[in-house]
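Analysis of the macromolecular model
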Amino acid sequence: MNGPLDTTFERFFATKTACDVEGTMAFFSPDLATYTDATLGWDLDGYDTLKRVFEQYMPNWSPPARSYTTGVLANETSALVRMTDTPELFGGELRILAAVDFADGKIVRWVDYWDSSSFDDALYAQLRTPGDSFPTDLKDGQVASRAAPELVAAATAIQGAFAAGDATAAGDLMHTDVVLEDMSLRTQVIRRTATSPTTPSALRCYSP
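Read on for an overview of the structure. Quick caveat: nothing in here was measured; it's all calculated off a predicted structure. (Residues numbered from 1 in each chain as written. Predicted model: local features only at pLDDT ≥ 70, side-chain atom pairs only at ≥ 80, totals over all residues. Heavy atoms only, no water.)

Glancing now at the overall build of the chain. Helix and strand counts for the chain come out as 8 helices and 8 strands. In terms of C-alpha radius of gyration, the chain reaches 18 Å, essentially the compact-globule figure of 17 Å for 208 residues. Based on the C-alpha atoms only, the size of the chain along its principal axes is roughly 55 × 40 × 35 Å. Burial statistics for the chain: of 208 residues in total, 41% are counted as buried. Sequence-distant contacts, at least 24 apart, represent 51% of the contacts inside the chain between residues at least 6 apart. Summing over all exposed atoms, the chain offers an accessible surface of approximately 11,500 Å²; the carbon and sulfur share of this is 54%. Across the chain, 16 positive and 29 negative side-chain charges occur, with their mean positions spaced 3 Å apart. (Helix = DSSP H or I, 4+ residues; strand = E, 2+ residues; numbered from the N terminus. Rg over C-alpha atoms; globule rule 2.2 N^0.38 Å. Buried < 20%, exposed > 50% of the residue type's maximum accessible area, 1.4 Å probe, protein only. Contact = heavy atoms within 4.5 Å. Areas by Shrake-Rupley, 256 points an atom, 1.4 Å probe, with all protein chains shown as cover. Lys, Arg positive; Asp, Glu negative; His and termini not counted. Charge placed at Lys NZ, Arg CZ, Asp CG, Glu CD.)

So, about the packing of aromatic side chains. This structure, assessed with the given rule, holds 14 aromatic pairs. Each residue in the set Phe9, Phe12, Phe13, Phe27, Phe28, Phe102 and Trp110 is aromatic and connected to the rest through ring pairs, giving one cluster. For the cation-ring pair, arginine 66 lies above tyrosine 68, with the distance from its terminal atom to the ring centre recorded as 4.3 Å. (Phe/Tyr/Trp six-rings, centres within 6.5 Å; stacked < 30°, edge-to-face > 60°. Lys NZ or Arg CZ within 6 Å of the ring centre and 35° of its normal.)

This part is about the pattern of salt bridges. Here the structure, examined in full by the defined rule, presents 7 salt bridges. Across the pair glutamate 22 and lysine 51 runs a salt bridge, and its minimum N-O distance is 2.8 Å. Taken together, the residues glutamate 22 in helix α2 (residues 21–25) and lysine 51 in helix α3 (residues 47–57) connect sequence positions 29 residues apart. Given the relative accessible area of 48%, glutamate 22 is considered partly exposed. Two residues, arginine 95 and glutamate 93, come together in a salt bridge whose shortest N-O distance is 3.2 Å. (Salt bridge = Lys/Arg side-chain N within 4 Å of Asp/Glu carboxyl O.)

With 39 residues, the main nonpolar core has Phe9, Phe28, Val81, Val100 and Trp110 as its most contacted residues. Not counting chain neighbours up to four residues away, the residues in contact with phenylalanine 28 comprise Phe12, Ala33, Tyr47, Leu50, Phe54, Lys106, Ile107 and Trp110. (Core = buried A, V, L, I, M, F, W, Y, C linked by side-chain atoms within 4.5 Å.)

Turning to helix α1 (residues 6–17), a few remarks are in order. Taking 1.5 Å per residue, 12 residues should reach 16 Å; α1 reaches 17 Å between its end C-alpha atoms and fits that length. Buried residues of α1: Asp6, Thr8, Phe9, Phe12, Phe13, Thr15 and Lys16, and no others. Directly after α1, the chain includes cysteine 19, whose backbone phi takes a positive value near 60°. (Expected span 1.5 Å × (residues − 1).)

Attention now moves to the sheet that holds strand β3 (residues 67–74). With mixed pairing, the 6 strands of this open sheet are ordered in space as β2-β1-β6-β5-β4-β3. With partners counted over all chains shown, the strands left at the sheet margins are β2 (42–45) and β3, one partner each. Strand-to-strand twist in this sheet, taken as the mean axis angle between neighbours without regard to direction, amounts to 15°. Alignment of strand β1 (residues 34–37) against β2, held across 4 bridges, turns out to be antiparallel. Residue pairing across strands places threonine 34 opposite aspartate 45, the latter belonging to β2. Here α3 sits on the sheet and contacts β1 and β2; the angle it forms with β2, its principal contact strand, is near 120°. (Pairing = 2+ DSSP bridges. Axes fitted to C-alpha atoms, helices over the stretch in contact; angles between N-to-C directions.)

Within the secondary structure layout, threonine 36 lies in strand β1. The contact partners of threonine 36, leaving out residues within four places of it in the chain, are Trp42, Asp43, Trp110, Val111, Asp112, Leu138 and Lys139.

Bringing the pairing of β2 into the picture now. Judged by which residues are buried, β2 turns out to be one-sided: Trp42 and Leu44 face inward and are buried, whereas Asp43 and Asp45, on the alternate face, are not. Remark: 4 residues form the turn of the hairpin made by β1 and β2, two consecutive strands paired antiparallel; glycine 41 in that turn has positive phi of roughly 75°.

Two faces belong to every sheet, and in a regular strand the side chains alternate between them. Sheet topology places strand β7 (residues 179–182) next to strand β8 (residues 187–190); 4 bridges connect them, and they run antiparallel. Bridge pairing in β8 links aspartate 182 to threonine 187. Hairpin connection between β7 and β8: a loop of 4 residues separates the two successive antiparallel strands, and arginine 186 in this loop has a positive phi of roughly 55°.

Nothing here speaks to function; it is geometry throughout.
What follows is the structure in structure tokens.
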């Protein structure tokens, strides 16, 4: 890990793995906390709602249950966190990319993204929010964007290229040493030459 929030996340995941509900909740803002699982459609809007979920699940966790990070990309107020929840926590291994926002040193928004293809189908169906009430609001309006305008512009441009299936436009936006990773396919394509529109791997990655 490398960044201003490293120590905070080290303490958070150690506390979570210890099944300490009160200690875990101490990292969240009591007034503004919101948590969304974008794969299950869990919209835990509020400190008390999130606390009830931890109170429900944590007493059932026992060794070797662990929740831990494998990488953190952060500034002073937000982070992208690569994390793993072992199967003992929620019934199957979860490899998650979490987007986390802080205000005044407390977590105000947490959004989990993960691939459900390797998760037990029956358990996923049981846990997933029904389609007619599946949330689409990730609380973007609740937390002001702190991203640099250049980053927003680049992300918007490359997403537009992906959506249009325009491999050339996407390739033009990539650095020579780019690493393109698809978490669902569990695939990494390394360097711009490997992601050029003439290679089959690139065409698969760019398919909308």
